[in-house]
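# Breakdown of the fold
So you can see what is in the structure, the chains are spelled out below.
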Amino acid sequence: MAIRVSLLLLVFLSSAVVSFSLYEDQVGLMDWHQRYIGKVKHAVFHTQKAGRKRVIVSTEENVVASLDLRHGEIFWRHVLGTNDAIDGVDIALGKYVITLSSQGSTLRAWNLPDGQMVWETSLHSAQSSKSLLSVPINLKVDKDYPILVFGGGYLHAVSAIDGEVLWKKDFTAEGFEVQRVLQPPESSIIYVLGFLHSSEAVVYQIDSKTGEVVAQKSMVFPGGFSGAISSVSSDKVVVLDSTRSILVTIGFLDGDINFQKTPISDLVENSGNAEILSPLLSNMLAVKVNKRTIFVRVGGEGKLEVVDSLSDETAMSDSLPVADDQVAFASAHHEGSKIQLMVKLVDDLDTVLLRESIEMDQHRGHVDKVFINNYIKTDRSNGFRALIVMEDHSLLLLQQGAIVWSREEGLASVTDVTTAELPVEKDGVSVAKVEHTLVDWLKGHMLKLKGSLLLASPEDVAAIQEMRMKSSGRSKLTRDHNGFRKLFIALTRAGKLFALHTGDGRIVWSMLLNSPTKSEACERPSGINLYQWQVPHHHAMDENPSVLVVGRCGSDSSAPGVLSFVDVYTGKEISSSDIGHSVVRVMPLPFTDSTEQRLHLIADTEGHIHLYPKTSEALSIFQREFQNVYWYTVEGDDGIIRGQGMKSSCAGETADEYCFTTKELWTVVFPSESEKIISTLTRKPNEVVHTQAKVSTDQDLLYKYVSRNLLFVATVSPKGAGEIGSVTPEESALVVYLIDTITGRILHRLSHQGCQGPVHAVFSENWVVYHYFNLRAHKHEVTVVEIYDQSRAENKNVWKLVLGKHNLTAPISSYSRPEMFTKSQSYFFAQSVKTIAVTSTAKGITSKQLLIGTIGDQILALDKRFVDPRRTLNPSQAEKEEGIIPLTDSLPIIPQSYITHSLKVEGLRGIVTAPAKLESTTHVFAYGVDLFYTRLAPSKTYDSLTDDFSYALLLITIVALVAAIYITWVVSEKKELSEKWR
Amino acid sequence: MYLGRTVKVFGSRESELLVDDDEFGLEGAKPQSTQQQTPTTRKRYSDPDSDSKVQFTLEHGFGDSHFSPAGTFSARLKSWSHGGKTLTKLRFSRNGFSDEEKDTFKNLLTGDDFYRIRVPSSVISPPGKEFVVASVRAASLSLPFLRCLPRDGLDEHFVIHMEGANILAASYGSLGACQYPRQFKLPAKWSFNSHTILKCSEQAPRTPIFTEEILGGENADGEVEPPPERSFWAKYWMYLIPLGLVVMNAVTQATNMAEEQTGGQAGGSQVQQSARRR
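Residues numbered from 1 in each chain as written. Chains lettered and ligands numbered in written order. Predicted model: local features only at pLDDT ≥ 70, side-chain atom pairs only at ≥ 80, totals over all residues. Heavy atoms only, no water.

The name given to chain B in an unreviewed UniProt entry is ER membrane protein complex subunit 10, with Brassica napus as the source organism. Per UniProt, the comment on chain B under Sequence similarities (unreviewed entry) is "Belongs to the EMC10 family." A UniProt comment under Subcellular location (unreviewed entry) is attached to chain B, and it reads "Endoplasmic reticulum membrane". (UniProt positions renumbered as here; feature names shortened; annotations may be inferred.)

Okay, here's the thing in structure tokens:
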């Protein structure tokens, strides 16, 4: 072990790899980190008898968090795994947060003040079913407080104190689905109501001490139930029948079941299908019918009557007990640009306890969820605070008619990111003020000088730090010389666009996508992808760049698409259109029209290709290149990759001249019994390759095979498509391909026996690096494949180049037979990986780093030289000089090269890199539940001085030198004179 | 046939198979026309080593037209004891173009449209499954220029990627480079020179595992081996050159001094005197 460590050290030292670590005081200078939780699903307030008022939330990003009610900050937060969705959250014993997750199979308790896990219990589950968490308030069994959990066909009673399973009841045999667990006060009997095959209502009376069934009653309902249920009181529930037109009140008082049917048409005229809304209101239920929300009161004998109706865009909270045995609930809806928040008593809907109207940004959409909490004001009256979740997933706390705080939780679900430039600084409208006078400037530099000479006092150090944080207008809204200031445009799952400033991560603008027609089917399209639509270079001063957002009305891939064009500087939607066809794939073409709008092709489900923008100029540009446009589709389920070429214009009455048909040119068919596609990848279309050749140590020249039309495909044996370790090494094989997408030629094919996915890959220039699991070695591996062109290998002779007898300038056709060879090498890698990216710089000169998003949600920067296929065990002197590192069997993980230093990008999903104008520097943006940004210089900032550079020291040195020169000159003059007089 | 009789072997598991002249179907000869009726015919011989002969049809299409049979591949299917199957000894016999096909092909050339071929994706299972399609711009098939083709026939080159008894992909094209913009020239001879290569997947090299013994042996001395001794000049040239310059300078100065001593005595004292007078 010691030898290995020392060898690693040796490798590290001998290769003299520059470490990219930061000093402590450099954290936050050019990186920022934002913590989010995601769209809130459940919220539980904890305000009584608590010094710090907080709200416990669980979200759709599988986060359980405790938020400060005063400021909205996160007290603590836990991100559960991607497959560990939270089903319920509650507070038990006043000190534990209980979460039920993974379809009712995992129950955890977290300490309320600090979020430490207190206990975790894995519950037995036999089948997947809906799950239910119930924390009875006043149920006590022998000094223990049971929590009742239904999930996977079992009902468990779990001790709240230590998580021990007190008893469990097996319902798997009957197929019984528990809908409600009700516990009458002051009774040790709990009522468990559920449905059997959704047509028979069953009530079990279970002794809460032992779990034994005391009594069981069942009754068949001939019509059958639909799933939704609303419990209105301790002995009554209301369900919808399977036709969704009859409300059935089920009473089960004293173990007797009775049904009472009320057709909805009795309550409302011309009713369509009804839907029971989720809020729990006492003696009342909310039903959505005919696009209205009606409130139905349940009378003592199960009689139903409509008491109120509201528009269906109203969000409602659960009922909340307020003083004097009264129960209140909150409702919120939009009125113009304002939100109307009302809190009413359930028993008496005319009594409005609170009515507030709050100005709301229209880019937040309508209210999605409301949670309310009450407090006692100083004048003994009830005050209410409401936590609302908006359509864009943002979370706001409303209190006393104002927004106390808001959190942009939409940013926890970023789906696509692109970059945009900031406006050019114009003379007239300059935002740039002279921030420092000369004196300030000098003072600052004197401070820095002191710091660098280790003379600074602690106050000075603090001042330096503060100055650095605010320095050099890094959050200005104009373009800078080095290209350090940029906008990251992020599209979220809610269909909202955010522009984030690279300087400090603030939101410059945000915009919720709107459907142009506002039709009923498509009110709010969901965004799929972002493309750079227009990037003006010629008219950069007076034209704004814009991005194209491709959206879809609905989750189905055949749903009609929506295009939206958004101005990057202002965040305003320039135009948007329903395109009338579906969107399967969007292909940006390498052509722009005279206004520098990029041509895009959109493929629909019928195999037609549509050209955008729909202008005659774009059409003429496209017609010129018509013959040379190819595309491909990957049919992952069938294991087929098809290549297509353009054929002709669409025929048919609905077609316009911008629609084209395609013909199939090639297919690659993977045998379904032995291979399954798990990953495909192409190069980034805008990547810049600086040099086509690579000089090896023996003065030999290797030409990179740089083609934009290469597709990397990874397949595994169908058996091995599951989790790691689910198969034996003999059963699983991983095969990787490099396929030319014009001709369908397989350029490279390599099979790894005994290996398994998931495959994470990165493709850049002429190399692919991919990460997978080796079952034989029980380790993760990283393999690099580099492709070199042999057809130009004879262009090495200088005289040929001088005399022009080379084929370097000849156009390259994909139809030529490729003469290429590959070099590859595999290395062990100690960590599993979530995503891999590669740095990209403006000219592609700077050496590259792999950015590996590890399983610990951190980002590791690994020099590309470590994954060089030319590494050998004992590199010669010349090879060492070239920078070839001696071969090792595993890639080093150097703790200092984590670019996220001590931070975690929770739930990391993707890493985006974008070049700055300065060649040495690249922007890195990582997104997941959290956002993280930093600037990287893979080969250090060789082309600029660092921010820490002490100009004062330089100035002083120059002055001192000049003075010294002058003094010595005077002295020498004098001496010479005196010599001459001698 | 040029190139025709050489058999190249690429690696251990690839073999290029060249077809004998008589099976080539040159000059419009149409061999075994009966076998073209069924897209895939299979003959099994109950050999003890479980080798069997398979045949499958190559079909071609001009532009967007339907596919029609164009030739037959025949190969031996070897079944291994561990259950795997491999295809060996692939032979191909091409049917010549009929006059009608020649006309269509000429149209294809003028339009620079695609000439498409397809083979069944599985050589043993009955047809009806997916076909592996490949296509090429017709003009690049009959390229009579430079290195591409010194001959004036139609030159075709198949690379068939196999996985067991399945065909993954077929690459199709001419042998040499294909120039762009594509030139239009009709072939002088309507005969195909066919070359086929069968490719199986390469095994990835095992990741090197360095045992600690090797490392221990290497690092036993605890020292990196000293770099080879360089010559005296290579080591100290940066000192030698300035030294040489200094020496040369000194030498020239010495000679100059000697000259001054002999000739310039008077002038020197004059200057001194004038300086004192100031």
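Now that the structure has been shown, we can carry on.
Before going further, it helps to spend a moment on the overall build of chain B. On a plain count of helices and strands, chain B comes out with five helices and eleven strands. For chain B, with 278 residues in total, the buried portion stands at 40%. Considering only contacts in chain B between residues 6 or more positions apart, those separated by 24 or more positions represent 63%. For chain B, the exposed area adds up to about 15800 Å²; of that, 55% sits on carbon and sulfur atoms. (Helix = DSSP H or I, 4+ residues; strand = E, 2+ residues; numbered from the N terminus. Buried < 20%, exposed > 50% of the residue type's maximum accessible area, 1.4 Å probe, protein only. Contact = heavy atoms within 4.5 Å. Areas by Shrake-Rupley, 256 points an atom, 1.4 Å probe, with all protein chains shown as cover.)

Residue and element names in this part refer to chain A. The four strands are arranged E39-E40-E41-E42 in an open sheet whose pairing can be described as antiparallel. The strands lining the two open edges of the sheet, one partner per strand, are strand E39 (526-534) and strand E42 (573-582). Adjacent strand axes in the sheet meet at a mean angle of 20° when their direction is disregarded. Here strand E41 (residues 560-567) pairs with E42 via six bridges, running antiparallel. Bridge pairing in E42 links Phe-565 to Ser-575. (Pairing = 2+ DSSP bridges. Axes fitted to C-alpha atoms, helices over the stretch in contact; angles between N-to-C directions.)

Residue and element names in this part refer to chain A. Scanning the entire structure with this criterion turns up 27 salt bridges over all chains. Here Asp-368 ties to Lys-39 by a salt bridge, and the two come within 2.8 Å at their closest N and O atoms. With Asp-368 in strand E31 (residues 367-376) and Lys-39 in the loop between strand E1 (32-34) and strand E2 (40-46), the pair connects residues that are 329 residues apart, well separated along the chain. Asp-368 sits in the partly exposed class, given a relative accessible area of 32%. The residue Asp-930 makes a salt bridge to Arg-77 at a minimum N-O spacing of 2.6 Å. Placement of Asp-930 in the loop between strand E63 (922-927) and strand E64 (931-936) and of Arg-77 in strand E5 (residues 74-79) is noted, with a sequence separation of 853 residues between them. Of the residues examined, Arg-77 reaches a relative accessible area of 13% and is grouped as buried. A single network of salt bridges, built from pairs that share partners, joins Arg-364, Asp-392, Glu-408 and Lys-496. (Salt bridge = Lys/Arg side-chain N within 4 Å of Asp/Glu carboxyl O.)

All names here are of chain B. The terminal C-alpha atoms of helix H1 (residues 99-111), which comprises 13 residues, lie 19 Å apart, in line with the 18 Å expected from a rise of 1.5 Å per residue. Within H1, the full set of buried residues consists of Glu-101, Phe-105, Leu-108 and Leu-109. Along the axis of H1, the buried positions cluster into a sector of 100°, meaning they face one direction only. Facing away from the buried side of H1 by over 90 degrees, the exposed positions are Asp-99, Glu-100, Asn-107 and Thr-110. The positive-phi residue at the C-terminal boundary of H1 is Asp-112, with phi of around 50°. (Expected span 1.5 Å × (residues − 1). Arc of directions from axis to C-beta.)

On to the environment of B:Ser191, then. Position of B:Ser191 relative to the elements: it lies in the loop between strand E9 (166-173) and strand E10 (192-199). Sequence separation of B:Ser191 and B:Asp99 is 92 residues, and the distance between their C-alpha atoms is 12 Å.

The next subject is unusual backbone geometry. All names here are of chain A. Across the junction of Tyr-612 and Pro-613, the peptide omega takes the value 0°, indicating a cis bond. In this fold, Pro-613 is placed in the loop between strand E45 (609-612) and helix H5 (616-624). Positive phi, normally seen in glycine, also occurs at His-393, with a value near 75°. Turning to its location among the elements, His-393 is positioned in the loop between strand E32 (382-390) and strand E33 (395-399). The backbone of Asp-857 sits at a positive phi, close to 60°, despite the residue not being glycine. With respect to the helices and strands, the residue Asp-857 is situated in the loop between strand E60 (849-854) and strand E61 (859-863).

In this structure, B:Phe73, B:Leu87 and B:Tyr115 are the most contacted members of the largest nonpolar core, which totals 34 residues. In contact with B:Phe73, not counting residues within four places along its chain, are B:Val54, B:Gln55, B:Phe56, B:Leu58, B:Leu90, B:Arg91, B:Phe92, B:Val119, B:Phe158, B:Ile160 and B:Thr196. Counting 33 residues, the second-largest nonpolar core is a separate cluster that includes A:Phe45, A:Leu395, A:Ala412 and A:Val414. (Core = buried A, V, L, I, M, F, W, Y, C linked by side-chain atoms within 4.5 Å.)

Before going further, it helps to spend a moment on the packing of aromatic side chains. Here the structure, examined in full by the defined rule, presents 27 aromatic pairs over all chains. Measuring from centroid to centroid gives 5.0 Å for A:Phe171 and A:Tyr204, while their planes differ by 45°, and the two rings are tilted. You can see A:Phe171 sitting in the loop between strand E13 (165-170) and strand E14 (176-182) and its partner A:Tyr204 sitting in strand E16 (residues 200-207), a full 33 residues away along the chain. Residues A:Phe171 and A:Tyr204 agree in their burial class; the two are buried. For the pair B:Phe62 and B:Tyr115, a centre-to-centre distance of 5.4 Å together with 45° between the ring planes defines the contact as tilted. Taken as a pair, B:Phe62 in strand E3 (residues 51-62) and B:Tyr115 in strand E6 (residues 114-120) lie far apart in primary sequence, 53 residues in all. If you follow A:Lys864 out to its NZ or CZ, it ends over the ring of A:Trp767, 4.8 Å from the centre. Sitting over the ring of B:Phe131, B:Arg118 keeps its end group 3.8 Å from the ring centre. (Phe/Tyr/Trp six-rings, centres within 6.5 Å; stacked < 30°, edge-to-face > 60°. Lys NZ or Arg CZ within 6 Å of the ring centre and 35° of its normal.)

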